[in-house]
Amino acid sequence: MHSITDTKNNEIGWGIMMTAPFEYWQPGSEERQLRIFISHRFGKDQALFDQVIRALESNGFSVQDMSLSAVQAMSGPRGGDLPKLTIQAEIAARIYTSDVLIAPSGAGVTKSDWVSWEVQLAAIGYGLPILFVSEKSQQRRTRWVSEVADLELPHAICERNSQAIVENLIRLLNGRPHWAMRQEETDAKIRFRGPPAFARSDVLKRFPFQPRLPPRPLDEPTSRRGFWSFLGGDQRPS
């Protein structure tokens, strides 16, 4: 049996390639899934952002949700809480490999140390575009929004409904993702600055970059227009 070699010089069996030709996404012209990190995604926000993801997918985007929900509580191997720095390393790697961060901008939520740190890391540390979601009764911009705007960092503000969030996300992204994030430097004179290597490796093992379209077997027969297509579509009688 013959084999072929991918760009990482890993030999992949011909039979595997026949069933999953795009299993490993590589930076280039092929569009990949949109990676979104949502701060504070739990409680009343869970249903809203589930709706947002469905709406994005109905607009032709395939989404990888990189955020931590309430059911993804991070605990140690014996059930104890992980050290704060370990949790921060995990979150940093998730944000670093994301394309956009969505954050609440209500006055109450801005008091959260975790959400504040996530916004600061995304905006200043990694230069990620941020979509601030405001409450309906919110009259004034919060400190976060004002400071990000004053620094002219990429961001947008919208009301707390799925249509507004989706429209502003698409506008903020300014294109469909076909790039990756730098993971290391091969030049000894250049140093990589980013999340810890162990955290990046762990996150990418669990959330690898994925192509937008799912793999399709190479031997899948091409669809043909049949008799029923001339009678109003490809539907067949049950």
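Described below are features of the structure shown in this document. (Residues numbered from 1 in each chain as written. Predicted model: local features only at pLDDT ≥ 70, side-chain atom pairs only at ≥ 80, totals over all residues. Heavy atoms only, no water.)

1. Points about helix α6 (residues 162-173)
In a regular helix each residue adds 1.5 Å, so 12 residues correspond to 16 Å; α6 covers 16 Å between its end C-alpha atoms and thus fits that length. If you check which residues of α6 are buried, you get S162, A164, I165, V166, N168, L169, L172 and L173. Its buried side turned inward, α6 meets β3 (34-38), α2 (44-58), β5 (100-104), β6 (130-134) and β7 (155-159). Just downstream of α6, N174 is the residue with a positive phi angle, here 55°. (Helix = DSSP H or I, 4+ residues; strand = E, 2+ residues; numbered from the N terminus. Expected span 1.5 Å × (residues − 1). Buried < 20%, exposed > 50% of the residue type's maximum accessible area, 1.4 Å probe, protein only. Contact = heavy atoms within 4.5 Å.)

2. Section: the nonpolar core
Note on soluble globular proteins: their nonpolar side chains tend to be buried together. Ranked by size, the top nonpolar core spans 25 residues in total, and within it I95, L101, V119, I130 and F132 carry the most contacts. Top element by residues in this core is helix α3 (residues 84-96). It accounts for six residues. Core analysis: the next-biggest nonpolar cluster, separate from the first, contains 22 residues, I38, L56, L131 and L173 among them. (Core = buried A, V, L, I, M, F, W, Y, C linked by side-chain atoms within 4.5 Å.)

3. Quick look at the sheet that holds β7
Overall, parallel pairing links the five strands, which are arranged β4-β3-β5-β6-β7 in an open sheet. The open sheet terminates on both sides in strands that have one partner only, identified here as β4 (63-65) and β7. Taking each pair of neighbouring strands and ignoring which way they run, the sheet shows an average axis angle of 25°. One ladder, built from five bridges, connects β6 with β7; its direction is parallel. The residue of β7 that forms the bridge with F132 is I157. (Pairing = 2+ DSSP bridges. Axes fitted to C-alpha atoms, helices over the stretch in contact; angles between N-to-C directions.)

4. Re helix α4 (residues 113-125)
Since the α-helix advances by 3.6 residues per turn, residues separated by three or four positions end up pointing in the same direction. Residues V115, S116, E118, V119, L121, A122 and A123 constitute the buried set of α4. At its buried positions, α4 is contacted by β3, α3, β5, β6 and α5 (143-150). Immediately downstream of α4, the backbone of G127 shows phi near 65°, a positive value.

5. Quick notes on the packing of aromatic side chains
A full pass over the atoms with the stated rule returns three aromatic pairs. Summarising the aromatic geometry, the rings of W114 and W117 are spaced 6.0 Å apart at their centres and angled 85° between planes, so their arrangement reads as edge-to-face. Here W117 and W114 lie together in helix α4, a separation of three residues that amounts to about one turn. Look at W114 and you get partly exposed, because its relative accessible area is 32%. For W117, a relative accessible area of 22% gives the class partly exposed. Ring-pair connections join several aromatic residues into one group, and the members of that group are Y96, Y126 and F192. Here R35 stacks its cationic end above the ring of F209, 4.3 Å away from the centre of that ring. Residue placement shows R176 over the ring face of F61; its charged tip is 4.1 Å from the ring centre. (Phe/Tyr/Trp six-rings, centres within 6.5 Å; stacked < 30°, edge-to-face > 60°. Lys NZ or Arg CZ within 6 Å of the ring centre and 35° of its normal.)

6. Observations regarding the pairing of β6
Walk down a regular strand and you will see the side chains alternate between the two sheet faces. The buried fraction of β6 amounts to five of the five residues, a majority that puts the element mostly inside the structure. Alternating positions in β6 separate into two faces, I130, F132 and S134 on one and L131 and V133 on the other, with burial throughout. As judged from the four bridges shared by β5 and β6, these two strands associate in the parallel manner. Along β6, the bridge assignment pairs P104 with V133.

7. Focus on the packing of α2 against α6
The description of two packed helices rests on the angle between their axes and on the distance between the axes. Here α2 crosses α6 at 50°, and the two axes come no closer than 9 Å. Here α6 runs oblique to α2, going by the angle between their axes. Helix-helix and strand crossings are classified by hand; for α2 and α6 the assignment is right-handed. Residues L48, F49, Q51, V52, A55 and L56 of α2 form the contact with α6, whose participating residues are S162, I165, V166, L169 and I170. Of the residues in the contact of α2 with α6, the class split is nine nonpolar, two polar and no charged. (Parallel < 35°, antiparallel > 145°, perpendicular 65-115°, else oblique. Left-handed = near helix turned anticlockwise from the far one by under 90°. Nonpolar A, V, L, I, M, F, W, Y, C, P; charged D, E, K, R; others polar.)

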